[in-house]
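Listed below are the residues making up each chain.
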Amino acid sequence: MKTRSLALPCALVAAMMLASLTDASAQDSATDPPLPGNPLTRMMSGLNPMNWQMPKLKMPTMSTFLPSKDEKERVITKKDSLVDEVSMTAKKSWQRTKNTLNPMRLIPAGFRQDSQTAPAPAAKQQGGFFSNLFSPFPKSEDDEVNRSVNEFLKQEHVR
């Protein structure tokens, strides 16, 4: 029973001696100064939690979260150019849509009329359906021709 309890510490001591002979060190000698003592002492001091150091972390500041002045100007310039680009694309797309859906382009070339043809003569305006319905008798032209205010005033007075 005593041999089992002594075997584990002896194995640990042998492993430490072997590690000290190879002089394997996990620390970078350029960044940390070498610790005094033999390699076994250095290895044991590295295992002691009292010798451990917290990693040095730079605390973030608000200036790292907020964009710089150059970044703001770049974003504004990019935004303005994006708006111009989108508006130009929309204008070109609308122009292509109008050209594509133009009814004159849909008519075959043989059926197109010349633009030099004279317009059709205007038809004489006659009363519509409701005007003919409410005034069934045709108006005489002599009643309506050249009436003016002076003719109205020249009428005989009714007493």
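What you see is a predicted model; the values in this text were computed from it and never measured.

Scanning the protein chain for helices and strands turns up eight helices and zero strands. Put simply, the protein chain runs from its N terminus to its C terminus through helices and strands in the order α-α-α-α-α-α-α-α. In the protein chain, which comprises 159 residues, the share counted as buried stands at 1%. For the protein chain, the exposed area adds up to about 16300 Å²; of that, 63% sits on carbon and sulfur atoms.

Taken together, F129, F130, L133 and F134 make up a surface patch of nonpolar side chains, about 530 Å² in accessible area. Mapped onto the fold, F130 is located in helix α6 (residues 129–134).

Quick look at the environment of S93 now. Of note, S93 is situated in helix α4 (residues 69–100). Using a relative accessible area of 27% as the deciding quantity, one classes S93 as partly exposed. Within the structure, S93 has its side chain in polar contact with the backbone oxygen of T89 (distance 2.8 Å).

Attention shifts here to the pattern of salt bridges. Scanning the model with the defined rule gives one salt bridge in all. One salt bridge connects E71 with R74, and the closest N-O pair in it is separated by 2.8 Å. With a gap of three residues between them, E71 and R74 both fall in helix α4, about one helical turn apart.

Turning our eyes to something else, we now look at the confidence of the model for the protein chain. It should be kept in mind that the predicted coordinates are not to be read in detail where pLDDT is low. Per-chain confidence: the protein chain averages 75 in pLDDT, with 69% of residues scoring 70 or above. Averaged over each element, pLDDT in the protein chain is lowest for helix α7 (residues 141–144) (58) and highest for α4 (87). Segment residues 24–29: pLDDT under 50, and two contacts once partners within four positions in sequence are set aside and those in other chains are kept.

Reading the values: rules and limits
- Starting afresh in each chain, residues are numbered from 1 along the sequence in its written order.
- Reporting of local features is limited, given that this is a predicted model, to residues whose pLDDT is at least 70; pairs of side-chain atoms are given and counted only at 80 or more, and all residues count toward the totals for whole chains, interfaces and linings.
- Derived side-chain values reflect all non-hydrogen atoms in the structure, with water molecules and hydrogen atoms excluded from consideration.
- Only DSSP runs of H or I covering at least 4 residues are called helices, and only runs of E covering at least 2 are called strands; the numbering of each starts at the N terminus.
- Per-residue accessibility, obtained with a 1.4 Å probe over protein chains only, is compared with the maximum for each type, and a residue is labelled buried under 20%, exposed over 50%, and partly exposed between these values.
- Accessible surface is estimated by sampling points in the Shrake-Rupley manner with a 1.4 Å probe; for residues, cover comes only from the protein chains shown.
- Residues form patches when they are more than 30% accessible in relative terms and have no salt bridge. Like charges link within 9 Å. Nonpolar side chains (Val, Leu, Ile, Met, Phe, Trp, Tyr) link within 5 Å.
- One speaks of a salt bridge when a side-chain nitrogen belonging to Lys or Arg is within 4 Å of a carboxyl oxygen belonging to Asp or Glu.
- Whenever two N or O atoms come within 3.5 Å, that pair is a polar contact, provided that in protein one can donate a hydrogen and the other can accept it, and provided that, for residues adjacent in sequence, both atoms are side-chain atoms.
- One number per residue, pLDDT, summarises how confident the predictor is, and it ranges from 0 to 100.
- We call two residues contacting when some pair of their heavy atoms lies within 4.5 Å.

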